[in-house]
Amino acid sequence: MLRLRGLVFAGLVAVGSITALLSPGGAAQPDPVVVIAIHGTIDEGMAHLVQRAVAAANESGARAIVLDIDTFGGLVSAATEIRDAMLSAHMPTIAYVSERAWSAGALVALSAQHIAMAPGSSIGAAEPIPTTVKTVSALRAEFESTAQRNHRDPRLAAAMVDTNADAPQYKKHGAILTLRADDAKRAGIADSIDASLSDALRDNHLQGVPTTTAEYTFGEQVARFATSPEVSGLLLTIGMLGLLIEMQTLHGIAGLVGVLSFALFFGTHVYAGFSNGLVIGLAVLGVFGILYELHVVPGHGAPGILGGIALLLAVLLAFGIPFFFVAVQTISTAIILTVAFFWVATRYWPENAFMRRLTFAAAQGPEYVTSRDLTSLRGRAGTAASFLRPAGVATIEGQRVDVLTEGDFIQAGTPIRVTRVEGARVFVEPVRS
């Protein structure tokens, strides 16, 4: 029970510490022009950076906000948060597309009042995944309203999302609109074509004005890294593998690693804005139920089952409702990796000292012969050093011995007596008081 409390306490401390560590400090006062890099995958960490930079620029009275865009896209939810932040700016906003503004990046670019594109750059290709009627309709409306807000043709914005939207001059029916820089300029999506960001600033009468680049805080960098589907899946795999190993060893170390992995997963998702108190409560309840099943009332079933359901639901909700498909995909991958690793470990490394503690896999059949004579243990008393269900470890006259019961479950610390010895198999029973 003390070990269970320690594991749960460690998880709670880890969640609190991670959330506190990720929280940004006070933002520095920006220079008159704030440049924000939109490079790589658009995610919640990037959205947090833009929100923080725009808020600081509004407070300090910056001259302009410039988005330096080169992205294949990313999370639609993060892009809409960036879009909302840009529309809340109290000063002119500029988007400079240095290479490409595809998918979610196109919405980010359209949120700026002025769009400048480098020669050879492109914008568009924003069909959502999964491509359902609901998601296409919602994202199309978002693109149209954003374009209309900044006096651009909403039909062209819609054609970037919906294959059924018409833009006969620039795409065939049934295709998604992606515009080259010159076509975007001719269509009124882009306002200018500039070879560099400096040229774009010059065209907006900002040449020579001091600039500052918004930097990610440590918390935002960790959130960007840990909330990606790949890393989230890895954290879930480590968490589940830790609990699975804990089920076999009951030594606490594997359980602690699993709890800390789940803490990092949920802590970063809380910081990124995916999770809330309900999700954290479900996660803590789930881990507590599983550990309670392992360390307090093994074999009962109900706490473990309910804990597993609560933890699974918490993981699904941690990704956010709009990303249920991503959540299911990530969880499925984590489960497959966990099972595969555990199967490989128990099948191919059974003679490893660590793995023997997981599986007791060095199968000791009647024909098993050992150089160690254990017959002298017959009738001796000792104590169960681990849970016996039915295999486990007992301490008999000061030495640790692998033992078996006749099928009974015996809790750790229970007095036991050796009933018979068959080769290397030592059978024990509890001592009835």
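Residues numbered from 1 in each chain as written. Predicted model: local features only at pLDDT ≥ 70, side-chain atom pairs only at ≥ 80, totals over all residues. Heavy atoms only, no water.

K.L.:
Is there a simple way to explain the overall build of the protein chain in this structure?
P.N.:
Within the protein chain, the secondary structure is distributed over 15 helices and 13 strands. When the 433 residues of the protein chain are sorted by exposure, 47% land in the buried category. In the protein chain, the proportion of contacts linking residues at least 24 apart, taken out of those at least 6 apart, comes to 64%. As displayed, the protein chain has an accessible area near 20,600 Å², and 60% of this comes from carbon and sulfur atoms. (Helix = DSSP H or I, 4+ residues; strand = E, 2+ residues; numbered from the N terminus. Buried < 20%, exposed > 50% of the residue type's maximum accessible area, 1.4 Å probe, protein only. Contact = heavy atoms within 4.5 Å. Areas by Shrake-Rupley, 256 points an atom, 1.4 Å probe, with all protein chains shown as cover.)

K.L.:
Teacher, can you tell me more about the pairing of strand E3 (residues 93–102) here?
P.N.:
Regular strands have side chains that alternate between both faces of the sheet. Pairing geometry for strand E2 (residues 64–71) and E3, over six bridges, is parallel. Following the sheet pairing, Ile69 is matched in E3 by Val97. With helix H3 (residues 76–87) bridging E2 and the parallel E3, this β-α-β connection has right-handed handedness. Note that E3 and strand E4 (residues 114–117) share four bridges and pair parallel. Counterpart to Tyr96 in the pairing with E4 is Ala116. The parallel pair E3 and E4, bridged by helix H4 (residues 104–110), forms a crossover whose chirality is right-handed. With three bridges connecting them, E3 and strand E5 (residues 122–124) associate as parallel partners. Note that in E5 the partner of Trp102 across the bridge is Gly124. (Pairing = 2+ DSSP bridges. Right-handed = clockwise from strand over helix to strand, strands pointing away.)

K.L.:
Please explain the packing of aromatic side chains as it appears in this structure.
P.N.:
Centre-to-centre distance and the angle between the planes together describe a pair of aromatic rings. Enumeration according to the criterion identifies two aromatic pairs in this entry. Measuring from ring centre to ring centre gives 5.2 Å for Phe72 and Trp102, while their planes differ by 70 degrees; the resulting arrangement is edge-to-face. With a gap of 30 residues between them, Phe72 in the loop between E2 and H3 and Trp102 in strand E3 connect regions that are remote in the sequence. Centre to centre, the rings of Phe387 and Phe409 are 5.8 Å apart; their planes meet at 15 degrees, and the pair counts as stacked. Within this pair, whereas Phe387 is found in the loop between strand E9 (381–384) and strand E10 (391–396), its partner Phe409 is found in the loop between strand E11 (399–404) and strand E12 (415–422), the two being separated by 22 residues in sequence. (Phe/Tyr/Trp six-rings, centres within 6.5 Å; stacked < 30°, edge-to-face > 60°.)

K.L.:
For this particular structure, what's the right way to read the confidence of the model for the protein chain?
P.N.:
Reading predicted coordinates in detail is not appropriate for stretches of low pLDDT. Across the protein chain, pLDDT averages 80, with 79% of residues at or above 70. Segment residues 4–10: pLDDT under 50, and 15 contacts once partners within four positions in sequence are set aside and those in other chains are kept. Here residues 360–369 is a poorly scored stretch, pLDDT under 50, and it has 17 contacts once near neighbours within four places are set aside; other chains count. (pLDDT = per-residue confidence, 0-100.)

K.L.:
So what exactly am I meant to see when it comes to a nonpolar patch on the surface here?
P.N.:
On the surface, a cluster of nonpolar side chains totalling about 360 Å² of accessible area is made up of Leu234, Ile238, Ile253 and Val257. Of all the secondary structure elements, the ones that give two or more residues to the nonpolar patch are helix H10 (229–249) and helix H11 (253–272). Locating Ile238 in the fold gives a position in helix H10. (Patch = residues over 30% accessible without salt bridge, like charges linked within 9 Å, V, L, I, M, F, W, Y side chains within 5 Å. Salt bridge = Lys/Arg side-chain N within 4 Å of Asp/Glu carboxyl O.)

K.L.:
Whenever I open this one, unusual backbone geometry confuses me. Can you help?
P.N.:
Trans is the common state for peptide bonds, and a negative phi is the common state for residues other than glycine. In this structure, Ser103 is a non-glycine residue whose phi angle is positive, near 55 degrees. When you line up the elements, Ser103 lands in the loop between E3 and H4. Here Ser103 falls in the partly exposed class, since its relative accessible area comes to 21%. Unusually for a residue other than glycine, Ala125 sits at a positive phi of about 50 degrees. Take Ala125: it is sitting in the loop between E5 and helix H5 (133–149). Taking the relative accessible area as the measure of exposure, Ala125 reaches 29% and is therefore partly exposed.

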